[in-house]
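What follows is each chain in one-letter form.
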Number of protein chains: 2
Amino acid sequence: MAKNQEELTVQDLGEQGLLRRLLPFCPAAVVGDDGALVAVTAGQSVVVTTDVLVDGVHFSDRTTPPFSVGWRAAAANLSDLAAMGATPLGITVGLSLPGATQVSWVEQLYQGITACLKPYNTAIVGGDLCRSSAVTVAIAAFGQVLPSQAIRRHTAQPGDAILVTGVHGASKAGLEILLNPTLGQGLSEGDRQLLIQKHQRPKPRLDLLSHLPACRISGMDSSDGLADAILQLCRASGLGAELHYPSIPVPSCFKTWLSEAQALDWTLYGGEDFELVLCLPLEEGRSLVQSLGENAAIIGTTTRQMAVVLANDDSTTELTLNKGFQHF
Amino acid sequence: MAKNQEELTVQDLGEQGLLRRLLPFCPAAVVGDDGALVAVTAGQSVVVTTDVLVDGVHFSDRTTPPFSVGWRAAAANLSDLAAMGATPLGITVGLSLPGATQVSWVEQLYQGITACLKPYNTAIVGGDLCRSSAVTVAIAAFGQVLPSQAIRRHTAQPGDAILVTGVHGASKAGLEILLNPTLGQGLSEGDRQLLIQKHQRPKPRLDLLSHLPACRISGMDSSDGLADAILQLCRASGLGAELHYPSIPVPSCFKTWLSEAQALDWTLYGGEDFELVLCLPLEEGRSLVQSLGENAAIIGTTTRQMAVVLANDDSTTELTLNKGFQHF
């Protein structure tokens, strides 16, 4: 008896059959050769980045439907391009799957990837499919930028404003609500959905590129957490920082919903908000905050002292790297 | 008690510790940011390709030491660039590993990757490491080519010479000897080692680029087998082909060592020889064979009839795609 479409597995279709199903997700002009040919604007350099997501490590059926797995995998890579100041040109998708994976799961994964790419006129320009015991999504993204406008980590100067482009802690809060539904009971449905959305469909901040001033800007994205981003930027630039905790934008529900310690932890160490953290001269920083709107903020200043110090209303703490996400 | 260096696992070192060990394999100038910045020559397009290798599917400890896994992963990607006529600019490596993987295994993998890249002045410019139940090596490679000189699959014309750049069947023979050591007993040690070398350290044919004539050239690499390459080229160009089996270069030991049927099977369907199959006007094809040397040969002609026919001394067979490597 023929299987229901919903039950069809990758093994049922075979590699060629699966490829035929996935082909419509790629522009016809770039498939069919050993590699894709993509034009680069003369004078621009190429920016390349890669991220691997593994089932059971970076996502699970419990918190992340396949559409969101695809969206998040694409977003993580586009965020790296945004963090370099680069406009995306395309991505490649290397997918490893158990044969028992449902074809509909794979199709929804590709729908999520292409939905995330679409606002940026970016396409899947290459890929590879193979069998494995664990679902692994390996994406490489590439973009272009004028070398003089590339955002690097090592170019911050003492006295720079430290700017964040949006709220932190929201993605982690969304994940925790998905893992422990009772946790979200004190929240309005709107807040709950917003936090889940921030976890499942984070937006890479490519919208920022057209707002950036022409001055020196150092920066990176906050995919591994806000504290990690600031510490990495400071280390790369040989600087320290003074941060003002009340200036860090967080979801408005944090104040009433979470203990102070919990809010602090998720804001600084939650990760995967995919905002940018930028160091730039104060005046340009202020204009950029105005042009980006209320969720952007200047949260501190770089210093010649190497320590990264977080000042709260009545205390100060030194931040260290020991709380980052460890994969092994 | 401190562990012996040989026994040290990825889990013992942690992600940061492993990253520190792998950093020396990447040029200092390109690491430390969210992405790598790579210059592209004005007027050239970028070619992008990706390949994923999975433990137990594409390699196993029985046949492929980690150095060779790395070499083969890099070679497969560089071969795709060569097949597009592109000069490599860099690769990214997305690596998923069980925590119990030995650190020395990972280091030898990276040694194999960089050893394969070195002759082409190409570097690992980005990467990601994460935990998984299966070792998965996802490489994306990118290179550059003048768009007018890019080698595509769909541009062959009827009457083109079909040229192969080297012997076929050698990689498969090497693999079979590794799987069944008794199989190689009838061979000289030199022949045996040569076939194993062809399997474990295939050379991407980037050396060819400087020999290519300025005429129209259609082509692809023979990673999925010689028959597959010819069938794909013919299908993309809407053509057929007449092939002359005795003209196909094979390892010299095949004649005495293998039955005729076995030699034919490995030559046409063995795969992973990473040679190029090119369609071009006959005269330019002849000059190219001369400039490449004895292992290159013209093995047939494209035709208006859609069938791909293999003529032997006393028979003809029609080739079909049904024998290709299926991943699921």
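Note that the structure is a prediction, hence the values are computed from the model and not measured.

1. Quick look at the relation of the copies chain B and chain A
Superposition record for chain B on chain A: RMSD 0.0 Å, screw rotation 180°, translation along axis 0.0 Å. As the rotation angle and translation indicate, the two copies are arranged about a two-fold axis. When C-alpha positions in chain B are compared against the rotation axis, the closest is assigned to Ala42(B), at 2.3 Å.

2. Let's talk about the interface of chain B and chain A
In this assembly, 63 residues from chain B lie in contact with 63 residues from chain A. Counting the surface lost from both chain B and chain A, the interface buries some 5100 Å², and carbon and sulfur atoms represent 57% of this. For the pair chain B and chain A, the interface holds 4 salt bridges. The closest approach of N and O atoms between Arg153(B) and Asp34(A), which form a salt bridge, is 3.2 Å. One can count 18 residue pairs in polar contact (both at pLDDT 80 or more) joining chain B with chain A.

3. Description of the sheet that holds strand β12 (residues 316-318) of chain A
Residue and element names in this part refer to chain A. As summarised here, the arrangement of the 7 strands in space is β7-β9-β6-β10-β8-β11-β12, forming an open sheet in which the pairing is mixed. Each edge of the open sheet carries a strand with a single partner, namely β7 (218-221) and β12. Put simply, the sheet's adjacent strands are angled 20° from each other on average, direction ignored. Strands β6 (161-164), β7, β8 (240-244), β9 (276-280), β10 (297-303) and β11 (308-311) of the sheet are contacted by helix α6 (residues 226-237), whose axis makes an angle of about 145° with β7.

4. Focus on the nonpolar core
In terms of nonpolar packing, the biggest core is built from 52 residues, with Val106(B), Tyr110(B), Ile113(B), Val137(B) and Leu278(B) touching the most fellow members. In terms of residue count, the dominant contributor to this core is helix α2 (residues 66-83) of chain B (9 residues). In contact with Ile113(B), other than residues within four places in its own chain, are Gly70(B), Trp71(B), Ala74(B), Ile91(B), Val93(B), Ile124(B) and Ile139(B). If you look at the next biggest cluster of nonpolar residues, it comprises 49 residues, including Trp71(A), Ala73(A), Val135(A) and Val289(A).

5. Section: the pattern of salt bridges
For the structure shown, the criterion picks out 18 salt bridges over all chains. The shortest N-O distance in the salt bridge between Asp33(A) and Arg152(B) comes to 2.5 Å. Here Asp33(A), found in the loop between α1 (10-22) and β1 (36-39), pairs with Arg152(B), found in the loop between β5 (136-145) and β6 (161-164), and the two come from separate chains. You can call Asp33(A) buried: its relative accessible area is 13%. Here Arg192(B) makes a salt bridge to Glu189(B), at a shortest N to O gap of 3.2 Å. In this pair, Arg192(B) and Glu189(B) are both assigned in helix α5 (residues 189-200), 3 residues apart and thus about one turn of the helix distant. The partly exposed category is assigned to Arg192(B), whose relative accessible area is 21%. Through salt bridges with shared partners, a single network forms among Arg205(A), Asp207(A) and Glu275(A).

6. Some details on the environment of Gln102(A)
Inspection of the secondary structure assignment puts Gln102(A) in the loop between β3 (87-97) and α3 (103-117). Residues contacting Gln102(A), with those up to four places away along its chain left out, are Glu6(A), Glu7(A), Leu8(A) and Thr9(A).

7. Structural notes on the pairing of strand β4 (residues 124-131) of chain B
All names here are of chain B. Of all 8 residues in β4, 6 are buried; the element is thus mostly enclosed. Bridge analysis of strand β3 (residues 87-97) against β4 gives 7 bridges, and the strand direction is parallel. Residue pairing across strands places Ser96 opposite Cys130, the latter belonging to β4.

8. Structural notes on α2(B)
Residues and elements named next belong to chain B. With 18 residues, α2 should reach 26 Å at 1.5 Å per residue; the first-to-last C-alpha distance of 26 Å fits that figure. Taken across its 18 residues, α2 has 17 buried, putting it largely inside the fold. Backbone geometry just after α2 places Gly85 at a positive phi near 80°.

What counts, and where the lines are drawn
- Residues numbered from 1 in each chain as written.
- Chains lettered and ligands numbered in written order.
- Predicted model: local features only at pLDDT ≥ 70, side-chain atom pairs only at ≥ 80, totals over all residues.
- Heavy atoms only, no water.
- Least-squares fit on C-alpha atoms with pLDDT ≥ 70 in both.
- Contact = heavy atoms within 4.5 Å.
- Buried area = accessible area lost by both parts, 1.4 Å probe.
- Salt bridge = Lys/Arg side-chain N within 4 Å of Asp/Glu carboxyl O.
- Polar contact = N/O pair within 3.5 Å; in protein donor to acceptor, adjacent residues only side chain to side chain.
- Pairing = 2+ DSSP bridges.
- Helix = DSSP H or I, 4+ residues; strand = E, 2+ residues; numbered from the N terminus.
- Axes fitted to C-alpha atoms, helices over the stretch in contact; angles between N-to-C directions.
- Core = buried A, V, L, I, M, F, W, Y, C linked by side-chain atoms within 4.5 Å.
- Buried < 20%, exposed > 50% of the residue type's maximum accessible area, 1.4 Å probe, protein only.
- Expected span 1.5 Å × (residues − 1).

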